[in-house]
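Structural overview
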Amino acid sequence: MDKTVIPFWEETYQKDDVMAFSVEPNRTIKEFEHLLNKQSNILEIGCGEGQNVLYLAEQGYCNIDAFDISESGISKLKRLCEIDCLEINAFIHDLTTYIFGKKYDCIMSFATNTTIVD
């Protein structure tokens, strides 16, 4: 009997009026954002529904890439960008197979985990 466990956040990602983890960005972002200029290339790995990159886009950062393995999380991030007229290059990808195709001034990843099975 194969019983797939679905993480709690997948259901929350379906709703635009609630955030799974926090409405606020990670406090580290607020602490260090002054070190970046608004044109910096920024990448968030495992962005989930995007509270960190949404915050940065709201502050005027304009070269933001973000990915997550969750299709629901990326769909929600794209919906929120559209609602707030923000531009973030959000896409679905797996951290374990991601190939860096460009140089980033800031790469962030909070609470991301991977399990590699042989």
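Computed from a prediction, not measured in an experiment: that's the story for all the values here.

1. Things to note about the sheet that holds strand β1 (residues 41-45)
- In spatial order, the strands read β3-β2-β1-β4; together these four strands make up an open sheet with parallel pairing. Each having just a single partner strand, β3 (89-92) and β4 (106-108) make up the two edges of the open sheet. When the angles between neighbouring strand axes are averaged without regard to direction, this sheet yields 15°.
- Where β1 meets β4, three bridges bridge the pair, whose relative direction is parallel.

2. Some remarks on the pattern of salt bridges
- The tally for this structure, following the rule as stated, stands at three salt bridges.
- Taking the shortest distance from any N to any O, the salt bridge between E24 and K30 comes out at 2.9 Å.
- The class for E24 is partly exposed, based on a relative accessible area of 44%.
- Its salt-bridge partner being E49, residue K76 comes within 2.6 Å of it at the nearest N-O pair. Here K76 is found in helix α4 (residues 71-84), whereas its partner E49 is found in the loop between β1 and α3 (51-58), with 27 residues between them in sequence.

3. Details of α4
- End to end, α4 covers 20 Å across 14 residues, agreeing with the expected 20 Å (1.5 Å per residue, within 8%).
- Where α4 is concerned, the buried positions are S72, G73, I74, K76, L77, L80 and C81.
- The elements touched by buried residues of α4 are α1 (8-12), α3, β2 (63-68) and β3.
- C85 lies just past α4 and shows a positive phi near 55°.

4. Describing the environment of G60
- With respect to the secondary-structure elements, G60 resides in the loop between α3 and β2.
- Taking the relative accessible area as the measure of exposure, G60 reaches 36% and is therefore partly exposed.
- Separated by 27 residues in the primary sequence, G60 and E87 have C-alpha atoms spaced 9.9 Å apart.

What counts, and at which threshold
Residues numbered from 1 in each chain as written. Predicted model: local features only at pLDDT ≥ 70, side-chain atom pairs only at ≥ 80, totals over all residues. Heavy atoms only, no water. Pairing = 2+ DSSP bridges. Helix = DSSP H or I, 4+ residues; strand = E, 2+ residues; numbered from the N terminus. Axes fitted to C-alpha atoms, helices over the stretch in contact; angles between N-to-C directions. Salt bridge = Lys/Arg side-chain N within 4 Å of Asp/Glu carboxyl O. Buried < 20%, exposed > 50% of the residue type's maximum accessible area, 1.4 Å probe, protein only. Expected span 1.5 Å × (residues − 1). Contact = heavy atoms within 4.5 Å.

Without other data, these values stay purely geometric and don't point to any function.
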